[in-house]
2 protein chains.
Amino acid sequence: MKNHHPVTPKEERLAQILAKIKGRDFRLTPQRLAILNILAASEDHPSVDDIYKEVRNRFPTTSIATVYKTIALLKELNEVLELGFPDGSNRYDGHRPYPHPHAICTRCRKIMDPEISSVDELSEEMKKKTGYSFSFHRLDFFGLCPECQKNSRK
Amino acid sequence: MKNHHPVTPKEERLAQILAKIKGRDFRLTPQRLAILNILAASEDHPSVDDIYKEVRNRFPTTSIATVYKTIALLKELNEVLELGFPDGSNRYDGHRPYPHPHAICTRCRKIMDPEISSVDELSEEMKKKTGYSFSFHRLDFFGLCPECQKNSRK
DNA sequence: CATATAATTGATAATAAATATCAATAGATA
DNA sequence: TATCTATTGATATTTATTATCAATTATATG
Ligand SMILES: [Mn+2]
Ligand SMILES: [Mn+2]
Ligand SMILES: [Zn+2]
Ligand SMILES: [Zn+2]
């Protein structure tokens, strides 16, 4: 048989996304499925261009517009987290589509996902001080990753 | 005499900025001084267009390019904090030019500056978990401000 | 399987904020 | 006041994203 239950974490993640897609009048084209696979499997927060290049390895006729449209679809379904940057170098997390803190290297642009416990505390203090009711957040810490720290020590 | 020591907080803040400007071959034009005044006095994180409109009240011939160039100058001097957003609706804090958390209303776009004590803790945990050496951060919490919460309860 | 429907694709045009360009203007200094 | 050059203002350029639309193709149905 061709279909089977998901076993690896990324198969699991893809299955979650496909379940949401099935809900509406969405169609499963090869290009779209390839993009979903890339996003579900990615741990390194790829850019639109990263995704575009990778999907073109398998489907060389794919348009960049299709990548944008698939990402827009996933955003609507809350199945991808967009890390937008004002210089246009946007990055995407299809692995963890909910808000979480990021460590961003200003030299090599590597973005990491640490498990952080003190976010709730900060959020609670923000709420108390401002009276806002928060629905999401964006927590970015910028600096040098361990590797770039070594390289900059010459 | 015309010059006097700064007494109000915003005069104090303007004096800080002017001190940095004096250092190099910078010139004090009326337009530039007006923009500096607006940014030093502002508590509400104005946009480029907000600043542009306000400065044109006093100097109607001012170009938007001059606003951009003055902001670029202040960024170089680390005397303004730029809150860049991927949709291009950038906002500026000339009052507190260092990284700090913001509460952002998704409805009326009001941005607040609460005094938060638990940032260091979060930063420390990030550092321990990732090994990054951070130099700045961006901490945004999005939701409804108290006023917009009232209005949305109909 | 053949057919109908409409969602999707791919190519391209349009959009818009930020930046670059450059001749004209006007601070700063002596 | 004259000189020098930083700055201005108008405009062109850049570039990521969005919009457009005819052609294609996934899907359901008989
Ligand atoms: Mn992430
Ligand atoms: Mn602020
Ligand atoms: Zn790095
Ligand atoms: Zn509000």
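Please read these numbers as outputs of a predicted model, since none were measured by experiment.

The rules behind the values
- Residues numbered from 1 in each chain as written.
- Chains lettered and ligands numbered in written order.
- Predicted model: local features only at pLDDT ≥ 70, side-chain atom pairs only at ≥ 80, totals over all residues.
- Heavy atoms only, no water.
- Least-squares fit on C-alpha atoms with pLDDT ≥ 70 in both.
- Donors = N, O, S within 2.8 Å, 3.2 Å for Na, K, Ca; no water.
- Helix = DSSP H or I, 4+ residues; strand = E, 2+ residues; numbered from the N terminus.
- Buried < 20%, exposed > 50% of the residue type's maximum accessible area, 1.4 Å probe, protein only.
- Core = buried A, V, L, I, M, F, W, Y, C linked by side-chain atoms within 4.5 Å.
- Contact = heavy atoms within 4.5 Å.
- Domains from an automatic or database assignment.
- Buried area = accessible area lost by both parts, 1.4 Å probe.
- Salt bridge = Lys/Arg side-chain N within 4 Å of Asp/Glu carboxyl O.
- Nonpolar A, V, L, I, M, F, W, Y, C, P; charged D, E, K, R; others polar.
- Tetrahedral: all angles 85-135°; square planar, octahedral: opposite > 155°, others 65-115°.
- Polar contact = N/O pair within 3.5 Å; in protein donor to acceptor, adjacent residues only side chain to side chain.
- Pairing = 2+ DSSP bridges.
- Axes fitted to C-alpha atoms, helices over the stretch in contact; angles between N-to-C directions.
- Near = heavy atom within 4 Å.

Colleague: Describe the relation of the copies chain B and chain A, naming the residues involved and giving the relevant values.
Modeller: Related by rotation about an axis and a shift along that axis, the two copies of the chain form a pair. Under the fitted operation, chain B is carried onto chain A by 0.0 Å of movement along the axis and a turn of 180°, and the coordinates agree to an RMSD of 0.0 Å. The transformation just described matches what one would write down for a two-fold rotation axis.

Colleague: Give me the coordination of the manganese ion (ligand 2): which residues, what numbers.
Modeller: Residue and element names in this part refer to chain B. Each protein donor to the manganese ion (ligand 2) is listed here as His45 (NE2), Asp93 (OD), His100 (NE2), His102 (NE2), Asp113 (OD) and Asp113 (OD); together their distances run 2.1 to 2.7 Å. Summarised as a motif, the one-chain spacing of the donors to the manganese ion (ligand 2) is H-x47-D-x6-H-x1-H-x10-D. Pair noted here: His45 is in the loop between α2 (30–41) and α3 (48–58) and Asp93 is in strand β2 (residues 91–93), with a separation of 48 residues, a long-range link. His45 gets classed as buried once you look at its relative accessible area, which sits at 1%.

Colleague: Can you explain the nonpolar core? Please cite residues and give values.
Modeller: Counting 24 residues, the largest nonpolar core has Leu122 of chain A together with Leu122 of chain B as its most contacted members. Sorting the residues of this core by element identifies β3 (102–105), α5 (119–130) and β5 (133–144) of chain A together with β3 (102–105), α5 (119–130) and β5 (133–144) of chain B as the ones contributing at least two each. Not counting residues up to four positions away in its chain, the partners in contact with Leu122 of chain B are Ile116, Ser118, Val119, Leu122, Leu139 and Phe141 of chain A.

Colleague: Break down the domain arrangement of chain A for me, citing the residues and quoting the values.
Modeller: Where interface size is quoted, it is often the accessible area lost as the parts come together. All names here are of chain A. Partitioning chain A into domains gives domain 1 (1–97) and domain 2 (99–154). Centre-to-centre, using C-alpha coordinates, domain 1 lies 24 Å away from domain 2. With 9 residues of domain 1 in contact, the opposing surface of domain 2 contributes 12 residues. Taking both sides of the interface into account, the surface hidden between domain 1 and domain 2 amounts to around 970 Å²; carbon and sulfur atoms contribute 51%. Our count for the contact surface shared by domain 1 and domain 2 stands at 2 salt bridges. Note that Glu115 is salt-bridged to Arg96, the shortest N-O span being 2.9 Å. Those elements that provide at least two residues to the side of domain 1 that touches domain 2 are β1 (81–83) and β2 (91–93). A breakdown of the residues in the side of domain 1 that touches domain 2 according to their chemical character gives 4 nonpolar, 2 polar and 3 charged.

Colleague: Lay out the coordination of the manganese ion (ligand 1) with the relevant residues and their values.
Modeller: All names here are of chain A. Taken together, His45 (NE2), Asp93 (OD), His100 (NE2), His102 (NE2), Asp113 (OD) and Asp113 (OD) make up the protein donors of the manganese ion (ligand 1), found 2.0 to 2.7 Å from the metal. Classification of the site at the manganese ion (ligand 1) as irregular follows from its 6 donor atoms and the range of 51 to 172° in their angles at the metal. Considered as a linear motif, the donors of the manganese ion (ligand 1) on their single chain read H-x47-D-x6-H-x1-H-x10-D. Take Asp93 and His102: they sit in the same class, and that class is buried.

Colleague: Any details on the interface of chain B and chain A? Residues and values, ideally.
Modeller: Opposite the 43 residues of chain B that make contact, chain A presents 42 residues. In total, about 3,500 Å² of surface goes out of reach between chain B and chain A, with carbon and sulfur atoms giving 66% of it. Between the two partners, chain B and chain A, sit 0 salt bridges. Between the two partners, chain B and chain A, sit 20 residue pairs in polar contact (both at pLDDT 80 or more). The element contributing the most residues to the side of chain B that touches chain A is β5 of chain B, with 12 residues.

Colleague: How would you sum up the sheet that holds strand β4 (residues 111–112) of chain A? Please name residues and give values.
Modeller: Pairing is mixed in the open sheet, where 6 strands are placed in the order β4(A)-β3(A)-β5(A)-β5(B)-β3(B)-β4(B). Of all the strands in the sheet, just β4 of chain A together with β4 (111–112) of chain B have a single pairing partner and so form its edges. Packing against the sheet, α5 of chain A makes contact with β5 of chain A together with β3, β4 and β5 of chain B, and its axis sits at approximately 125° to β5 of chain A. Each of β3, β4 and β5 of chain A together with β5 of chain B touches α5 of chain B; the most contacted strand, β5 of chain B, lies at about 125° to it.

Colleague: Describe in detail the protein's contact with DNA strand C, supporting the description with residues and values.
Modeller: Around DNA strand C, the surrounding shell holds 18 residues, and the nearest of these are Thr29, Arg32 and Lys69 of chain A together with Arg27 and Tyr68 of chain B. Backbone atoms, meaning sugar plus phosphate, form 67% of the atoms of DNA strand C positioned within 4 Å of the protein. For DNA strand C, a phosphate oxygen lies 2.9 Å from a polar atom in the side chain of Thr66 of chain A. The contact in question runs from a sugar or linking oxygen of DNA strand C to an N or O atom on the backbone of Gly88 of chain B, over 3.5 Å. Of all the secondary-structure elements, those providing two or more residues to the surface near DNA strand C are α2 (30–41) and α4 (64–76) of chain A together with α4 (64–76) of chain B. The greatest single-element share of the surface near DNA strand C, amounting to 3 residues, is contributed by α4 of chain A.

Colleague: Summarise the pattern of salt bridges; cite the residues concerned and give the values.
Modeller: A complete count under the given rule lists 16 salt bridges over all chains for this structure. Note that Lys53 of chain B and Asp49 of chain B form a salt bridge whose closest N and O atoms lie 3.0 Å from each other. Here Asp49 of chain B and Lys53 of chain B lie together in helix α3, a separation of 4 residues that amounts to about one turn. By relative accessible area, which is 55% here, Lys53 of chain B ends up exposed. Look at Asp49 of chain B and you get partly exposed, because its relative accessible area is 34%. Two residues, Arg96 of chain B and Asp113 of chain B, come together in a salt bridge whose shortest N-O distance is 3.7 Å. Remark: Asp113 of chain B occurs in the loop between β4 and α5 and Arg96 of chain B occurs in the loop between β2 and β3; sequence separation between them is 17 residues. Here the salt bridges share partners, and the residues they tie into one network are Arg13, Lys20 and Glu79 of chain A.

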